[in-house]
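Coordinates in review
What follows is each chain in one-letter form.
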Amino acid sequence: MRYYSYFPGCSVEATAVAYGISIDPVSAVLQMELIELEDWNCCGSTPYGSTNELEAACMAARNLALAEKTGLDLVTPCSSCYVTLNKTNSSLRSYPELKSRVDEALAAGGLKYGGTVRIRHLWEVIFNDIGLDAIKSKVRNSLGGLKVAPYYGCQLVRPDLGFDKPEDPQSLDRLIASLGAEPTAFPLKSRCCGGSLVISETDLALDLIHQLLESAASNGAECIIAACPLCHTNLDAYQGLVNMKFKTRYNLPVLFFTQLMGIAFGIEPRALGLDRGVVPAKKALAQWL
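Structural notes, computed from the coordinates.

Let's shift gears to the overall build of the protein. Of regular secondary structure, the protein possesses 13 helices and 8 strands. Relative to the globule expectation of 19 Å for 289 residues, the C-alpha radius of gyration of the protein, 19 Å, shows essentially globular dimensions. Out of the 289 residues in the protein, the part that is buried amounts to 52%. Within the protein, residue pairs in contact and separated by at least 24 positions form 77% of the contacts whose partners lie at least 6 positions apart. Total accessible area on the protein stands at roughly 13,000 Å², and carbon and sulfur atoms take up 50% of it. The positive charge centre, built from 26 side chains, and the negative charge centre, built from 30, are 4 Å apart in the protein.

Okay, the state of the cysteines next. The tally for this structure, following the rule as stated, stands at 0 disulfides. Between Cys 81, a cysteine without a disulfide, and Cys 78, which holds the nearest cysteine sulfur, the sulfur-to-sulfur distance is 3.7 Å.

A word on the nonpolar core. Ile 135, Phe 257 and Met 261 are the most contacted members of the largest nonpolar core, which totals 75 residues. Top element by residues in this core is helix α3 (residues 53–70). It accounts for 8 residues. Once residues lying within four places of it in the same chain are set aside, the contact partners of Met 261 are Val 26, Leu 30, Ile 126, Ile 135, Leu 175 and Leu 179. With 21 residues, the next largest nonpolar core counts Ala 205, Leu 212, Leu 235 and Leu 252 among its residues.

So, about unusual backbone geometry. Look at Asp 39: it is not a glycine, yet its phi comes out positive at around 65 degrees. Summarising the element assignment, Asp 39 is placed in the loop between β2 (32–36) and α2 (46–51). Asp 39 gets classed as exposed once you look at its relative accessible area, which sits at 52%. Positive phi, close to 65 degrees, is recorded for Asp 164, a residue that is not glycine.

A cluster of nonpolar side chains, contributed by Met 1, Tyr 3 and Ile 35, occupies part of the molecular surface with about 320 Å² of accessible area. Summarising the element assignment, Tyr 3 is placed in strand β1 (residues 2–6).

This paragraph deals with the sheet that holds β2. Pairing is parallel across the open sheet formed by 4 strands, whose spatial order is β2-β1-β3-β4. The open sheet has two free edges, formed respectively by β2 and β4 (119–121), since each of these has just one partner strand. Between one strand and the next, the sheet's axes are offset by a mean angle of 45 degrees, whatever the strand orientation. Packed onto the sheet, helix α4 (residues 79–94) meets β3 (74–76) and β4 and runs at close to 160 degrees relative to β4.

Quick notes on the rules
- Residues numbered from 1 in each chain as written.
- Predicted model: local features only at pLDDT ≥ 70, side-chain atom pairs only at ≥ 80, totals over all residues.
- Heavy atoms only, no water.
- Helix = DSSP H or I, 4+ residues; strand = E, 2+ residues; numbered from the N terminus.
- Rg over C-alpha atoms; globule rule 2.2 N^0.38 Å.
- Buried < 20%, exposed > 50% of the residue type's maximum accessible area, 1.4 Å probe, protein only.
- Contact = heavy atoms within 4.5 Å.
- Areas by Shrake-Rupley, 256 points an atom, 1.4 Å probe, with all protein chains shown as cover.
- Lys, Arg positive; Asp, Glu negative; His and termini not counted.
- Charge placed at Lys NZ, Arg CZ, Asp CG, Glu CD.
- Disulfide = S-S within 2.5 Å.
- Core = buried A, V, L, I, M, F, W, Y, C linked by side-chain atoms within 4.5 Å.
- Patch = residues over 30% accessible without salt bridge, like charges linked within 9 Å, V, L, I, M, F, W, Y side chains within 5 Å.
- Salt bridge = Lys/Arg side-chain N within 4 Å of Asp/Glu carboxyl O.
- Pairing = 2+ DSSP bridges.
- Axes fitted to C-alpha atoms, helices over the stretch in contact; angles between N-to-C directions.

Next comes the structure, spelled out in structure tokens:
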């Protein structure tokens, strides 16, 4: 059994609840224990950071201080949390004045942070610590014939984090193949989905989502997998608006990578949250369910 401190993030308990549902049974199969960080708070995310950088850093640092007490790597399933927590960790090392002010805020809450926490994305942990051979050995329901587009998004593989190739990542492609499915060509697989701009700059975000859906669909994908709650929401929940605006007929189910793994592991669909998506997944995946 491998043990990790776990930071679920706000999205996994709200818009991406299916992600959280699927993580538990998949982790059990992989013999990973994700120990939820006690009394965690919002990571400070990028919108907050652009409004008040110090307060955002304090919010992230509080989580890091709590995680440091556990002595374990801090794992998050959210790409935005992954980037935000790593950015704060780096900033605290690079900017003494910021570190001093954050230390003062932490001290007021009875906390301190020594900078020792390693922040990791859930997919990176599964890929590097568990490995594809172990994943393949757990497959009970090979997904042969299923064509899957691997969507990494722009945050999971950012260069400073040193995980996979920023422009042409391959780890999710290799996961798909290990489950028996076929990873389709997806030239835009590490491009931005628009993130939270879908709220403030809806037309711009819908154009980005349209490009991604077209890239996946035109290459024969029957579904898309994602590793980020925000990316999943944009590609799934906004397909209808994209179809209305661009006169298209996309009907591509968008799954979290953990859901695809769970299907291959033979886990019951409801236990994977497959009924939670906006674009129905069960019809496209019927023969594997």
